[in-house]
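Structure assessment
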Amino acid sequence: MTIDLHAHSTASDGTGPPAQVMREAAEADLQVVALTDHDTTAGWAEAATAAEGLGLTLVRGIEISCSREGLSIHLLGYLPDPDHPDLADELRHARESRETRLDRMVARMEADGIPITVEAVRRQVQPGATVGRPHIADALLEVGVVSHRDEAFERFLRNSSPYYVSHYAPDPVRGVEVVLAAGGVPVIAHPFAEQRGRTADDALVEEMAAAGLAGVEAWHPEMTPGAERHAADLAAGLGLLVTGSSDYHGSGKVNRLGERTTAPEVLEAIVATASGSSLLSPP
Ligand code: AMP
Ligand code: FE
Ligand code: FE
Ligand code: ZN
């Protein structure tokens, strides 16, 4: 059984609509896939209909952007109740703040003569989707300033760039708390993926574990083999679940569906713990 617990659609910064991600998951011979868009569950309904038609099992999830003192932490939440007020409020706050942050980043870039406008970025974003830096990258791609999202991040969008502006994001411990409150299962995403900038350390993962973190995404294509090993050992030491996934973003990243996978017994434990939403599996 092939289980990939982390994928993005056009509900956030993936390049394919939810139904397409489901089709691609079936084509990649996955039996189980999780849709985990940044700060939104807007893609769930479309994914559910598509998965049902394909005989694919869908784990409805989310990837919550968290932050502490400038350090960015991504928290996966599996099977939460998306209407739980604590979770819904945090997500609304984050998405609203992302809008202002977009304006500010684009203003800084425009002031430096980079040919970009808020309207051009808006055209890259599906209605209701979570807007992020990858959409700015896509606008730069459209006008030919860069030839890939990666290049846009290297030249203009990385955390250390002068154009970078942060947005509201809950503290990672608060993230764990709201996922739990919503009946979901919190798993820290790609904890030591250094190519993205500064990362979590063991102490933060331990602090999150004390707050109820259920697992660690130790197998991830953007982590070095050493970081993957370290994450898995840390999780084992803390008695946490270990997951693996591709973090698929369509053509926006090289990550391939099924590139990293999660063991069936780990999925079983996640499903057994969750009380916010159900696993959607074919009859
Ligand atoms: P944001 O949440 O708006 O700050 O944007 C961060 C998102 O950008 C991450 O979730 C990744 O999906 C994406 N990202 C980060 N670095 C890169 C990169 N080098 N190339 C393509 N996408 C990236
Ligand atoms: Fe992303
Ligand atoms: Fe992430
Ligand atoms: Zn992700």
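Refer to the structure above for everything that follows.
Residues numbered from 1 in each chain as written. Chains lettered and ligands numbered in written order. Predicted model: local features only at pLDDT ≥ 70, side-chain atom pairs only at ≥ 80, totals over all residues. Heavy atoms only, no water.

Glancing now at the pattern of salt bridges. Counted under the stated rule, the structure contains 13 salt bridges. In this structure, the salt-bridge partner of arginine 68 is aspartate 171, at a minimum N-O distance of 2.8 Å. Of the two residues, arginine 68 is situated in strand β3 (residues 57–68) and aspartate 171 in the loop between α6 (149–157) and α7 (172–181); the sequence distance between them amounts to 103 residues. Aspartate 171 gets classed as partly exposed once you look at its relative accessible area, which sits at 25%. Residue glutamate 228 is joined to arginine 260 by a salt bridge in which the shortest nitrogen-to-oxygen separation is 2.8 Å. Taken together, the residues glutamate 228 in helix α9 (residues 225–238) and arginine 260 in the loop between β7 (241–244) and α10 (264–273) connect sequence positions 32 residues apart. Judged by relative accessible area, glutamate 228 falls into the buried class, the value being 8%. Given the relative accessible area of 22%, arginine 260 is considered partly exposed. A cluster of three or more residues bridged by salt bridges with shared partners is formed by Arg68, Asp171 and Glu207. (Salt bridge = Lys/Arg side-chain N within 4 Å of Asp/Glu carboxyl O. Helix = DSSP H or I, 4+ residues; strand = E, 2+ residues; numbered from the N terminus. Buried < 20%, exposed > 50% of the residue type's maximum accessible area, 1.4 Å probe, protein only.)

Take the coordination of the zinc ion (ligand 4) next. Within the first shell, the zinc ion (ligand 4) binds the protein through His6 (NE2), His8 (NE2), Glu63 (OE) and Asp247 (OD), at distances of 2.1 to 2.3 Å. Classification of the site at the zinc ion (ligand 4) rests on its four donor atoms, whose angles at the metal span 78 to 170 degrees, yielding the label irregular. Of note, the zinc ion (ligand 4) draws all its donor residues from one chain, in the sequence arrangement H-x1-H-x54-E-x183-D. In this structure, the zinc ion (ligand 4) lies 4.6 Å from the iron ion (ligand 2). Of the two residues, histidine 8 sits in the loop between β1 (3–4) and α1 (18–27) while aspartate 247 sits in the loop between β7 and α10, which places them 239 residues apart along the sequence. In this structure aspartate 247 comes out as buried when scored by relative accessible area, which is 1%. (Donors = N, O, S within 2.8 Å, 3.2 Å for Na, K, Ca; no water. Tetrahedral: all angles 85-135°; square planar, octahedral: opposite > 155°, others 65-115°.)

The subject of this paragraph is the site of ligand 1. Around ligand 1 sit 14 residues, and of these Arg98, Arg101, Arg133, Asp150 and His249 come closest. At 2.8 Å from an oxygen atom of ligand 1 is found a side-chain nitrogen or oxygen belonging to arginine 98. Here ligand 1, which alone exposes 500 Å², has 88% of that area covered by the protein. Looking at the shell around ligand 1 element by element, the count peaks at three residues for α6. (Near = heavy atom within 4 Å. Polar contact = N/O pair within 3.5 Å; in protein donor to acceptor, adjacent residues only side chain to side chain. Areas by Shrake-Rupley, 256 points an atom, 1.4 Å probe, with all protein chains shown as cover.)

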